[in-house]
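Observations on the model geometry
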Amino acid sequence: MSPIQEKFDLTGKTAIVTGGIGLLGKEFCRTLAEAGASVLVADLNGDAAEAYAAELRSKGYDAGFARVNVTDPESVQAMVGCSVDLFGSVDILVNSAAMDPKFDQSQAGQHGSTFEDFPVDAWRQAVDVNLTGMFLCCQAAAREMVKKNTGVLINICSTYGLVGPDQRIYIRPGEPRRVKPVYYSVTKAGVLGLVHYLATYYAGTKIRVNALTPGGVFNQHDDLFAKNYSSRTVLGRMANLDEMNGALLFLASEASSYMTGSNLVVDGGWTAW
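I will try to describe carefully the structure that is included in this document.

Conventions we followed
- Residues numbered from 1 in each chain as written.
- Predicted model: local features only at pLDDT ≥ 70, side-chain atom pairs only at ≥ 80, totals over all residues.
- Heavy atoms only, no water.
- Salt bridge = Lys/Arg side-chain N within 4 Å of Asp/Glu carboxyl O.
- Helix = DSSP H or I, 4+ residues; strand = E, 2+ residues; numbered from the N terminus.
- Buried < 20%, exposed > 50% of the residue type's maximum accessible area, 1.4 Å probe, protein only.
- Contact = heavy atoms within 4.5 Å.
- Phe/Tyr/Trp six-rings, centres within 6.5 Å; stacked < 30°, edge-to-face > 60°.
- Lys NZ or Arg CZ within 6 Å of the ring centre and 35° of its normal.

1. A closer look at the pattern of salt bridges
Under the defined criterion, the tally for this structure stands at 10 salt bridges. For lysine 180, the salt bridge goes to aspartate 100, with nearest N and O atoms at 3.0 Å. Taken together, the residues span a long stretch of sequence, with lysine 180 in the loop between strand S5 (150–156) and helix H6 (182–201) and aspartate 100 in the loop between strand S4 (92–95) and helix H5 (120–148) at a distance of 80 residues. Residue classification places lysine 180 among the buried positions, given a relative accessible area of 9%. A salt bridge links aspartate 222 to arginine 172; the nearest nitrogen and oxygen atoms lie 2.8 Å apart. Taken together, the residues span a long stretch of sequence, with aspartate 222 in the loop between strand S6 (206–214) and helix H7 (223–230) and arginine 172 in the loop between S5 and H6 at a distance of 50 residues.

Here it is in C-alpha coordinates:
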(Lines give C-alpha, C1' and ligand atoms only; values in the text may rest on other atoms or scores of the structure.)
Protein backbone atom coordinates (compact mmCIF):
# COMPACT_ATOMS: atom_id res chain seq x y z
CA MET A 1 0.00 0.00 0.00
CA SER A 2 1.41 3.39 -0.99
CA PRO A 3 1.73 6.26 1.52
CA ILE A 4 -1.24 8.09 -0.02
CA GLN A 5 -3.38 4.96 0.08
CA GLU A 6 -2.46 4.53 3.74
CA LYS A 7 -3.92 7.97 4.43
CA PHE A 8 -7.37 6.71 3.39
CA ASP A 9 -7.10 3.28 5.02
CA LEU A 10 -9.54 2.69 7.91
CA THR A 11 -8.38 -0.78 8.88
CA GLY A 12 -8.84 -1.25 12.62
CA LYS A 13 -11.26 1.68 12.93
CA THR A 14 -14.90 1.52 14.02
CA ALA A 15 -17.59 3.72 12.48
CA ILE A 16 -21.21 4.42 13.38
CA VAL A 17 -23.50 5.78 10.67
CA THR A 18 -26.88 7.08 11.83
CA GLY A 19 -29.58 7.12 9.21
CA GLY A 20 -27.63 4.14 7.94
CA ILE A 21 -30.31 2.85 5.59
CA GLY A 22 -31.01 6.22 4.02
CA LEU A 23 -30.12 7.11 0.45
CA LEU A 24 -26.68 8.42 1.42
CA GLY A 25 -26.44 6.50 4.68
CA LYS A 26 -26.13 3.16 2.88
CA GLU A 27 -23.48 4.62 0.60
CA PHE A 28 -21.55 5.90 3.61
CA CYS A 29 -21.73 2.53 5.40
CA ARG A 30 -20.45 0.69 2.35
CA THR A 31 -17.69 3.22 1.69
CA LEU A 32 -16.35 3.02 5.23
CA ALA A 33 -16.53 -0.77 5.17
CA GLU A 34 -14.68 -0.92 1.85
CA ALA A 35 -11.95 1.26 3.40
CA GLY A 36 -11.49 -1.32 6.15
CA ALA A 37 -13.64 0.00 9.00
CA SER A 38 -15.99 -2.05 11.14
CA VAL A 39 -19.37 -0.38 10.57
CA LEU A 40 -22.44 -0.12 12.78
CA VAL A 41 -25.52 0.53 10.64
CA ALA A 42 -27.78 2.56 12.93
CA ASP A 43 -31.32 3.51 12.00
CA LEU A 44 -34.80 3.93 13.43
CA ASN A 45 -35.82 1.05 11.16
CA GLY A 46 -33.99 -1.69 12.99
CA ASP A 47 -35.10 -4.49 10.67
CA ALA A 48 -33.76 -2.70 7.60
CA ALA A 49 -30.52 -1.86 9.43
CA GLU A 50 -30.10 -5.53 10.38
CA ALA A 51 -30.71 -6.60 6.79
CA TYR A 52 -28.20 -4.13 5.37
CA ALA A 53 -25.56 -5.12 7.93
CA ALA A 54 -26.10 -8.74 6.88
CA GLU A 55 -25.69 -7.71 3.24
CA LEU A 56 -22.39 -6.03 4.03
CA ARG A 57 -21.18 -9.10 5.92
CA SER A 58 -22.12 -11.30 2.97
CA LYS A 59 -19.64 -9.27 0.92
CA GLY A 60 -16.86 -9.86 3.41
CA TYR A 61 -17.12 -6.66 5.46
CA ASP A 62 -17.33 -6.33 9.25
CA ALA A 63 -20.73 -4.86 10.07
CA GLY A 64 -23.35 -4.80 12.80
CA PHE A 65 -26.56 -2.93 13.38
CA ALA A 66 -28.47 -0.98 16.00
CA ARG A 67 -31.99 0.36 16.14
CA VAL A 68 -31.74 3.94 17.33
CA ASN A 69 -34.10 6.81 18.00
CA VAL A 70 -31.73 9.76 17.83
CA THR A 71 -34.09 11.93 19.89
CA ASP A 72 -33.88 9.54 22.87
CA PRO A 73 -30.70 9.84 24.99
CA GLU A 74 -30.98 6.27 26.28
CA SER A 75 -31.42 4.87 22.77
CA VAL A 76 -28.43 6.85 21.53
CA GLN A 77 -26.24 5.70 24.41
CA ALA A 78 -27.31 2.10 23.73
CA MET A 79 -26.22 2.54 20.09
CA VAL A 80 -22.77 3.63 21.19
CA GLY A 81 -22.65 0.79 23.69
CA CYS A 82 -23.50 -1.63 20.89
CA SER A 83 -20.51 -0.41 18.88
CA VAL A 84 -18.22 -0.83 21.86
CA ASP A 85 -19.57 -4.31 22.59
CA LEU A 86 -19.28 -5.47 18.98
CA PHE A 87 -16.09 -3.75 17.88
CA GLY A 88 -14.40 -2.42 21.02
CA SER A 89 -14.53 1.30 20.25
CA VAL A 90 -16.08 4.26 18.47
CA ASP A 91 -13.57 5.99 16.23
CA ILE A 92 -15.84 7.63 13.65
CA LEU A 93 -19.40 8.93 13.87
CA VAL A 94 -21.32 9.97 10.77
CA ASN A 95 -24.51 11.83 11.66
CA SER A 96 -26.67 11.22 8.60
CA ALA A 97 -30.06 10.78 10.30
CA ALA A 98 -32.39 13.69 9.55
CA MET A 99 -35.87 14.68 8.53
CA ASP A 100 -35.68 15.80 4.91
CA PRO A 101 -39.14 16.55 3.52
CA LYS A 102 -39.29 14.89 0.13
CA PHE A 103 -42.46 15.19 -1.87
CA ASP A 104 -43.12 11.45 -1.70
CA GLN A 105 -42.68 11.08 2.06
CA SER A 106 -44.98 11.46 5.05
CA GLN A 107 -43.99 15.11 5.41
CA ALA A 108 -44.98 15.85 1.81
CA GLY A 109 -47.99 17.89 2.90
CA GLN A 110 -45.68 20.40 4.54
CA HIS A 111 -44.61 21.62 1.12
CA GLY A 112 -47.98 23.32 0.77
CA SER A 113 -47.72 25.17 4.07
CA THR A 114 -46.91 28.85 3.90
CA PHE A 115 -44.37 30.15 6.39
CA GLU A 116 -47.13 32.16 8.04
CA ASP A 117 -49.15 29.00 8.69
CA PHE A 118 -46.40 26.43 9.20
CA PRO A 119 -47.38 24.13 12.12
CA VAL A 120 -45.26 24.55 15.22
CA ASP A 121 -45.49 20.82 16.00
CA ALA A 122 -43.77 20.02 12.70
CA TRP A 123 -41.10 22.63 13.49
CA ARG A 124 -40.45 21.13 16.93
CA GLN A 125 -40.26 17.58 15.59
CA ALA A 126 -37.69 18.58 12.98
CA VAL A 127 -35.55 20.48 15.49
CA ASP A 128 -35.70 17.45 17.79
CA VAL A 129 -34.47 15.08 15.07
CA ASN A 130 -32.14 17.26 13.00
CA LEU A 131 -30.43 19.20 15.78
CA THR A 132 -31.12 17.64 19.18
CA GLY A 133 -30.58 14.19 17.70
CA MET A 134 -27.23 15.20 16.26
CA PHE A 135 -26.25 16.78 19.58
CA LEU A 136 -27.10 13.58 21.46
CA CYS A 137 -25.20 11.36 19.04
CA CYS A 138 -22.09 13.56 19.16
CA GLN A 139 -22.30 13.67 22.94
CA ALA A 140 -22.56 9.90 23.34
CA ALA A 141 -19.79 9.15 20.83
CA ALA A 142 -17.53 11.78 22.35
CA ARG A 143 -17.73 10.05 25.72
CA GLU A 144 -15.88 7.15 24.14
CA MET A 145 -13.54 9.28 22.06
CA VAL A 146 -12.24 11.30 25.00
CA LYS A 147 -11.09 8.08 26.65
CA LYS A 148 -8.54 7.65 23.86
CA ASN A 149 -8.18 11.36 23.07
CA THR A 150 -8.95 10.68 19.41
CA GLY A 151 -11.92 10.40 17.08
CA VAL A 152 -13.77 11.86 14.12
CA LEU A 153 -17.25 13.39 14.13
CA ILE A 154 -18.85 14.10 10.74
CA ASN A 155 -22.16 15.94 10.61
CA ILE A 156 -24.13 15.95 7.38
CA CYS A 157 -25.35 19.41 6.39
CA SER A 158 -27.03 20.66 3.19
CA THR A 159 -26.62 23.46 0.69
CA TYR A 160 -29.84 24.82 2.19
CA GLY A 161 -27.93 25.27 5.43
CA LEU A 162 -25.63 27.68 3.56
CA VAL A 163 -28.09 29.52 1.31
CA GLY A 164 -31.83 29.89 1.21
CA PRO A 165 -33.81 27.44 -0.93
CA ASP A 166 -34.54 28.48 -4.49
CA GLN A 167 -38.26 27.88 -4.20
CA ARG A 168 -38.68 28.35 -7.96
CA ILE A 169 -37.40 24.83 -8.67
CA TYR A 170 -40.45 23.33 -6.94
CA ILE A 171 -42.98 25.12 -9.15
CA ARG A 172 -45.31 22.92 -11.18
CA PRO A 173 -47.32 24.75 -13.86
CA GLY A 174 -51.02 24.62 -13.09
CA GLU A 175 -50.45 23.17 -9.60
CA PRO A 176 -50.61 24.83 -6.14
CA ARG A 177 -47.36 26.39 -4.95
CA ARG A 178 -44.98 24.04 -3.17
CA VAL A 179 -41.95 25.09 -1.11
CA LYS A 180 -39.13 23.58 0.87
CA PRO A 181 -40.28 23.90 4.52
CA VAL A 182 -38.65 26.41 6.82
CA TYR A 183 -37.28 23.91 9.29
CA TYR A 184 -34.93 22.27 6.83
CA SER A 185 -32.81 25.35 6.17
CA VAL A 186 -32.79 26.43 9.80
CA THR A 187 -31.81 23.06 11.25
CA LYS A 188 -29.14 22.46 8.63
CA ALA A 189 -27.66 25.88 9.37
CA GLY A 190 -27.59 24.81 13.01
CA VAL A 191 -25.50 21.79 12.06
CA LEU A 192 -22.64 24.12 11.17
CA GLY A 193 -22.95 25.90 14.49
CA LEU A 194 -22.61 22.58 16.28
CA VAL A 195 -19.57 21.68 14.17
CA HIS A 196 -17.83 24.96 14.98
CA TYR A 197 -18.61 24.65 18.67
CA LEU A 198 -17.40 21.06 19.00
CA ALA A 199 -14.25 21.61 16.93
CA THR A 200 -13.15 24.44 19.19
CA TYR A 201 -14.36 22.69 22.35
CA TYR A 202 -12.01 19.81 21.62
CA ALA A 203 -9.08 22.07 20.83
CA GLY A 204 -5.85 20.52 22.04
CA THR A 205 -7.12 16.98 21.53
CA LYS A 206 -7.07 14.63 18.55
CA ILE A 207 -10.85 14.72 18.22
CA ARG A 208 -11.78 16.35 14.91
CA VAL A 209 -15.22 17.63 13.91
CA ASN A 210 -16.27 18.58 10.39
CA ALA A 211 -19.35 18.88 8.21
CA LEU A 212 -20.09 17.39 4.82
CA THR A 213 -22.54 19.38 2.70
CA PRO A 214 -24.00 17.44 -0.22
CA GLY A 215 -25.88 18.98 -3.09
CA GLY A 216 -28.97 17.36 -4.56
CA VAL A 217 -28.51 13.67 -5.33
CA PHE A 218 -30.54 12.21 -8.17
CA ASN A 219 -33.02 9.63 -6.90
CA GLN A 220 -35.49 8.96 -9.72
CA HIS A 221 -36.71 12.56 -9.63
CA ASP A 222 -39.18 13.58 -12.30
CA ASP A 223 -37.76 15.26 -15.38
CA LEU A 224 -39.06 18.73 -14.53
CA PHE A 225 -37.51 18.82 -11.08
CA ALA A 226 -34.20 17.38 -12.31
CA LYS A 227 -34.10 20.00 -15.06
CA ASN A 228 -34.94 22.85 -12.68
CA TYR A 229 -32.38 21.74 -10.12
CA SER A 230 -29.65 21.08 -12.66
CA SER A 231 -30.05 24.54 -14.17
CA ARG A 232 -28.93 26.04 -10.83
CA THR A 233 -25.66 24.11 -10.68
CA VAL A 234 -22.40 25.02 -12.35
CA LEU A 235 -21.95 21.43 -13.55
CA GLY A 236 -25.45 21.38 -14.99
CA ARG A 237 -26.69 18.21 -13.30
CA MET A 238 -27.66 16.59 -10.03
CA ALA A 239 -25.13 14.45 -8.17
CA ASN A 240 -24.81 10.75 -8.80
CA LEU A 241 -25.48 8.57 -5.78
CA ASP A 242 -21.82 7.70 -5.22
CA GLU A 243 -20.37 11.20 -5.59
CA MET A 244 -20.34 11.99 -1.84
CA ASN A 245 -18.37 8.88 -0.94
CA GLY A 246 -14.91 10.23 -1.67
CA ALA A 247 -15.54 13.32 0.43
CA LEU A 248 -16.92 11.24 3.27
CA LEU A 249 -13.88 8.95 3.26
CA PHE A 250 -11.56 11.95 3.16
CA LEU A 251 -13.17 13.40 6.29
CA ALA A 252 -13.23 10.05 8.10
CA SER A 253 -9.59 9.20 7.41
CA GLU A 254 -6.15 10.57 8.16
CA ALA A 255 -6.20 12.19 4.73
CA SER A 256 -7.96 15.10 6.47
CA SER A 257 -5.78 15.04 9.60
CA TYR A 258 -5.21 18.83 9.51
CA MET A 259 -8.89 19.65 9.09
CA THR A 260 -11.38 20.46 11.85
CA GLY A 261 -14.22 22.94 12.24
CA SER A 262 -14.65 22.98 8.48
CA ASN A 263 -17.39 22.30 5.97
CA LEU A 264 -16.66 20.27 2.85
CA VAL A 265 -19.16 21.32 0.16
CA VAL A 266 -19.89 18.89 -2.70
CA ASP A 267 -22.71 20.59 -4.56
CA GLY A 268 -21.80 20.77 -8.24
CA GLY A 269 -21.23 24.49 -7.82
CA TRP A 270 -24.72 25.33 -6.53
CA THR A 271 -23.36 27.77 -3.95
CA ALA A 272 -20.66 29.21 -6.22
CA TRP A 273 -22.95 31.49 -8.23
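2. Some remarks on the side chain of serine 83
On the secondary structure map, serine 83 appears in helix H4 (residues 73–87). What makes serine 83 buried here is its relative accessible area of 0%. When near neighbours in sequence (up to four residues on either side) are disregarded, serine 83 contacts Thr14, Ile16, Leu40, Gly88, Ser89 and Val90.

3. A look at the packing of aromatic side chains
Inspection of every chain in the model, using the stated rule, returns 7 aromatic pairs. Aromatic side chains phenylalanine 118 and tyrosine 183 sit 6.1 Å apart centroid to centroid with 55 degrees between the ring planes, which places their arrangement in the tilted category. Taken as a pair, phenylalanine 118 in the loop between S4 and H5 and tyrosine 183 in helix H6 lie far apart in primary sequence, 65 residues in all. Assigned by exposure class, phenylalanine 118 and tyrosine 183 land together as buried. Ring geometry for tyrosine 160 versus tryptophan 270: centroids 6.2 Å apart, planes at 65 degrees, classification edge-to-face. Residue tyrosine 160 is found in the loop between S5 and H6, and its partner tryptophan 270 is found in the segment after strand S7 (263–266); the two are separated by 110 residues along the sequence. Site record: aromatic cluster; members linked through ring pairs are Tyr160, Tyr170, Phe225, Tyr229 and Trp270. Positioned over the ring face of tyrosine 184 is lysine 180, at 4.7 Å from the centre of the ring.

Read these as geometric descriptors, not functional statements.
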